[in-house]
Amino acid sequence: MLFAAIISLTLLGTALGLLLGVAARYLKVEGNPLVAEIEQLLPGSQCGQCGYPGCTGAAQALADGGAAVTLCPPGGIALAQALAAKLGVDADLSGVEDKGPMIAEVKEEICIGCTRCFKICPTDAIMGAAQQIHVVFREACTACGKCVDVCPTESVTLQPIPVTLQSWYWNKPILGSAA
Amino acid sequence: MKLFDLKGGVHPEGKKNLSAERRIRALPLPKKLYVPMQQHIGAPAAPVVNVGDHVFKGQLIASAQGNVSAAVHAPTSGAITALGDHVAPHPSGLPVPTITLESDGKDEWCAIQGCEQPLELAAEEIAARVGAAGIVGLGGATFPSALKLNVSRGVQTLIMNGGECEPYLTCDDRIMRERAVEIVEGILLIARAVDAKKILVGIEDNKPEAIEAMQAAAQGTAVKVVTMPSMYPMGSEKQIIQVLTGLEVPAGGRPADIGVLVHNVATAFAVQQAIRYGKPLISRIVTVSGGAIKTACNVEALVGTPVQELIDFADGYVQPASRLVLGGPMMGQQFTNTNVPVVKGSSGVLALMTTEIGQSEASPCIRCSTCVRACPVGLLPLEMAAHIRAADLTGAVALGLKDCIACGSCSYVCPAHIPLVHFFNYAKGDLAAQERSKLKQEATKKLADARLERIARIERERAEAAARRKAAREAKERAAKEAAAKAAEEAV
């Protein structure tokens, strides 16, 4: 009786162990799929403002739980909310200083045409040539700020995107303390 | 005809008697006209004239850009004095690209070509002419009419909206009373353009004269005039469909999905003018009313006329207005600068007194659910507003925020004066902004990827070129060495 139990448990253990071993080999997952999914959400401009080496590094840190969902300044509140939903955590948005969407702007009077900003721009949003005034394509600029850092004359600054009739909308109603 | 029930709705005081008996009068020609490039939903039109050009009345001054857009024509003859920004008839008060036209006082038409037998035109031809005339929905939504005709071809039912459920407004009432024959011809043209089987004109029962005039004009045609009970928002597209056909437009869908097309009666008039006489849309009927206006009236104003001229025409104010509204009091747009121009979608100019706007401080929601009973779409305004207040827009969308038609019935009935529809307008705007930023992010991500790829390719090509140079150099050296060795051999 005792032997029967030992034999059956041993067989069961061996069979299941083999099954798991085979499964581990053939159903292996390369890397953490979450990292790729998070990277899809990030801007991809590799600006490094979060302190990680590019968006892949930031995605890795987010997946490991080592970084807050509010780490990406160009992404703003919208990205923080998307990341929180993806990771299933509550986003603490109180710390996010959402200055609203920004874009880089070249002050033409002091641009010397050094080409540094257009060479470093991760999204090819700056157009220029040596000794020529540079300009920013609003639609392509993510306001990562890399150009601001390299500009030798402080001619590039980040400015809020001007509100147009197409982008304007009602502000949130503020109710008195009574309501 | 059997009418179907509509859930919700409110019964605000009509106040239509202020201007309902006033015949439509043409406004004297203004000196300066400010014609905005964006008077419709979609892409702004692009100017085709320059400063200093002389234009004739009805001449094209800005062409439609892309599919969803509408052309703009000169409202009178004169000189173009500026292409630049002017304050928009919009609650933001932001400037919009505008053509400034100084009238020469002659009001000379350009060469226009009408059509003797408009009802024999092909459907595509009617839509094309409607598009060329720059016609947009005159009920207030200002959707380009030609596009609406093109996407609705083959609908079962054409509904002409003569509801005019907004208080104060009488412009559609007057146009139906005074220009019924033209409207019916316009309706038949629209019906031909979409090949509609059934044509209904829905008019609220508070406009008996308009119903009578339309019935007389529709005698012997396929057009059927239907009397509907007066209720707000009966003149809303989805609601009028529900009352007349019993069908409901699916969430996120269009009336064409259920085989219905809705146009405003004033649009039918514009269509008739465009096709029979070749006249583009350059004027519209506007109701000037409100407690603060001395002589409420209905005027035919050229597009681009500053609102101040309309107020002056109505003998100015009896007392300072505490709120100015463009459109109706329920869904209209507030404005402060009376230099804003009348545009294609302006149905009314209202100067309201403090007693008429009933503004008071919001108090807490007691969950009385009056707003739920008032909502014509069957939503829960109190719940949606609570979610939006707590910054949970996703929760509000789950409750049907996107189906809200922003009619304002909930705000109107709320005993706590909570600005419910303001919450919904804010939330819809915020969601649209999020959507835009998401699209931008996807686009910039592609750019970033393309750049990385390009850098990698340049590196690779450089390395390959270096390798090729090296190989060539080595081959040359080898050849030289071999030649030297051969020479040495021969020398020996």
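Calculation rules
Residues numbered from 1 in each chain as written. Chains lettered and ligands numbered in written order. Predicted model: local features only at pLDDT ≥ 70, side-chain atom pairs only at ≥ 80, totals over all residues. Heavy atoms only, no water. Phe/Tyr/Trp six-rings, centres within 6.5 Å; stacked < 30°, edge-to-face > 60°. Buried < 20%, exposed > 50% of the residue type's maximum accessible area, 1.4 Å probe, protein only. Helix = DSSP H or I, 4+ residues; strand = E, 2+ residues; numbered from the N terminus. Lys NZ or Arg CZ within 6 Å of the ring centre and 35° of its normal. Domains from an automatic or database assignment. Contact = heavy atoms within 4.5 Å. Buried area = accessible area lost by both parts, 1.4 Å probe. Salt bridge = Lys/Arg side-chain N within 4 Å of Asp/Glu carboxyl O. Polar contact = N/O pair within 3.5 Å; in protein donor to acceptor, adjacent residues only side chain to side chain. Nonpolar A, V, L, I, M, F, W, Y, C, P; charged D, E, K, R; others polar.

A. Structural context of the packing of aromatic side chains. Going through the model one piece at a time under the given rule, you end up with two aromatic pairs over all chains. Geometrically, the ring pair formed by Trp168(A) and Trp170(A) is edge-to-face, given 5.3 Å between the ring centres and 65° between the ring planes. Classification of Trp170(A) by relative accessible area gives partly exposed; the value is 30%. The interplanar angle of 40° and the centroid separation of 6.4 Å between the aromatic rings of Tyr169(A) and Tyr426(B) together place this pair among those described as tilted. Of this pair, Tyr169(A) sits in the segment after β4 (156–160) while Tyr426(B) sits in helix α14 (residues 420–491), placing the two residues on different chains. Judged by its relative accessible area of 27%, Tyr169(A) falls in the partly exposed class. Across the ring face of Phe4(B), the terminal group of Lys2(B) is positioned such that the distance to the ring centre comes to 4.1 Å. The lysine or arginine in question, Lys279(B), covers the ring of Tyr277(B), its NZ or CZ lying 5.7 Å from the ring centre.

B. Inspection of the domain arrangement of chain B at higher detail. All names here are of chain B. On domain assignment, one finds that chain B holds domain 1 (16–333) and domain 2 (370–430). Each of domain 1 and domain 2 has a C-alpha centre, and the two are 29 Å apart. Each side of the interface is counted separately: domain 1 has nine residues, and domain 2 has nine residues. Both faces combined, the contact of domain 1 with domain 2 buries some 660 Å², and carbon together with sulfur accounts for 58% of it. Per-residue buried area on domain 1 facing domain 2 is highest for Gln239, Met330 and Met331; these three make up 49% of the total on that side. Run the count over domain 1 and domain 2 and you get zero salt bridges. Linking domain 1 to domain 2 there are one residue pair in polar contact (both at pLDDT 80 or more). Residues that form the side of domain 1 that touches domain 2 fall into these classes: five nonpolar, three polar and one charged.

C. Up close: the domain arrangement of chain A. Residue and element names in this part refer to chain A. Split by domain assignment, chain A resolves into domain 1 (33–95) and domain 2 (102–160). Averaged C-alpha coordinates put domain 1 and domain 2 at centres separated by 25 Å. Across the boundary between the two partners, domain 1 contributes five residues, which contact seven residues of domain 2. Around 420 Å² of area is buried between domain 1 and domain 2 when both sides are counted, 56% of it from carbon and sulfur atoms. Linking domain 1 to domain 2 there are zero salt bridges. Tallied by class, the residues present in the side of domain 1 that touches domain 2 amount to two nonpolar, three polar and no charged.

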